[in-house]
Amino acid sequence: MPIDIYSMRLSPPCRAVLMAGRELNIDLNVKTLDLSEGEQLTPEFLKLNPAHTVPTIDDDGFILWESRAIMQYLCNQYAPDSTLYPREPRARALVDRWLNFDMGLLQSQREALFTKLFSGVDPPEDKVNAFKNNLKLLDALIGDNKYLVGNNLTIADLSVLSTTIVLEKMDFDVKDYPNFKRWTATLSQQLPYFQDINGFDMKAEAMVYIEKIKAKRAAQQNAN
Ligand SMILES: N[C@@H](CCC(=O)N[C@@H](CS)C(=O)NCC(=O)O)C(=O)O
């Protein structure tokens, strides 16, 4: 029985889970929600996920949201021996550390890059610096390594890759982060499902999405 995943392809956490599904050969049945139309706020979806976020999965009645928890669950439940989420406690702890780091990275990326697109206002300098410091740290920790943890691809790579591929797609200059740049290029070419999941015009789609949200907010303000 396929697992339903409520998803939107622009969303980095959704793309991370979709890549994990492909890596594990798990059949994920995508149910697209258009967040710009508020489809995550319907009573039916709120019953599944009161936090109204994608990705959310429904595995034969077991509902789970939060992308990193979903990837951990898919590995634990369907591929407990997979190196995608190593069992050895210290290797697993390092993967978990990256997954936690990635939550902060995504948030800082949103604050540094997307604030202006949504509001027209430049982000505060400290937010931009916080994001650049995160990237600097990521770059330093990648160093010469092919993967974030050990010698195998893990869900940490998929999560961070899905977050940061937005930079390339939005034409953000990453020349100051050469290790990160090489790691991204290598994984993008190596993962056979990468293009299927990430190979669309993210920038154009993001701009349409942002304009729709802005128009809705403006209409709401006018109505109040
Ligand atoms: N930490 C969550 C973040 C999920 C999240 O923020 N999803 C956004 C799309 S990227 C969303 O569903 N936003 C709709 C909403 O909050 O109403 C995860 O990793 O799953």
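The rules behind these values
Residues numbered from 1 in each chain as written. Predicted model: local features only at pLDDT ≥ 70, side-chain atom pairs only at ≥ 80, totals over all residues. Heavy atoms only, no water. UniProt positions renumbered as here; feature names shortened; annotations may be inferred. Helix = DSSP H or I, 4+ residues; strand = E, 2+ residues; numbered from the N terminus. Buried < 20%, exposed > 50% of the residue type's maximum accessible area, 1.4 Å probe, protein only. Pairing = 2+ DSSP bridges. Axes fitted to C-alpha atoms, helices over the stretch in contact; angles between N-to-C directions. Contact = heavy atoms within 4.5 Å.

Looking at an unreviewed UniProt entry, one finds the protein chain named Glutathione S-transferase and attributed to Oppiella nova.

A. The UniProt feature "domain: GST C-terminal" (unreviewed entry) in the protein chain, seen in detail. Residues given the UniProt feature "domain: GST C-terminal" (unreviewed entry) here are residues 88-210. Taken as a whole, residues 88-210 contains 74% helix and 0% strand, while its terminal C-alpha atoms sit 42 Å from one another.

B. The pairing of strand β3 (residues 56-59), seen in detail. Because side chains alternate across β3, one face comprises the buried residues T56 and D58, and the other comprises I57 and D59, equally buried. In terms of strand pairing, β3 meets strand β4 (residues 62-65) through four bridges, oriented antiparallel. Within the sheet, the bridge partner assigned to D58 lies in β4 and is I63. Here β3 hands over to β4 after two residues, with D60 in that stretch at a positive phi of 50 degrees.

C. Geometry of the sheet that holds β3. The four strands are arranged β2-β1-β3-β4 in an open sheet whose pairing can be described as mixed. Since the sheet does not close on itself, it has two edges, and those belong to β2 (28-32) and β4, each with one partner. Put simply, the sheet's adjacent strands are angled 20 degrees from each other on average, direction ignored. Inspection of the sheet shows strand β1 (residues 3-7) paired to β2 by five bridges, in the parallel sense. Note that in β2 the partner of S7 across the bridge is T32. Across the face of the sheet, helix α1 (residues 12-23) comes into contact with β1 and β2 while running at roughly 155 degrees to β1. On top of the sheet, helix α3 (residues 67-78) reaches β1, β3 and β4; it is set at about 135 degrees to β4, its chief contact.

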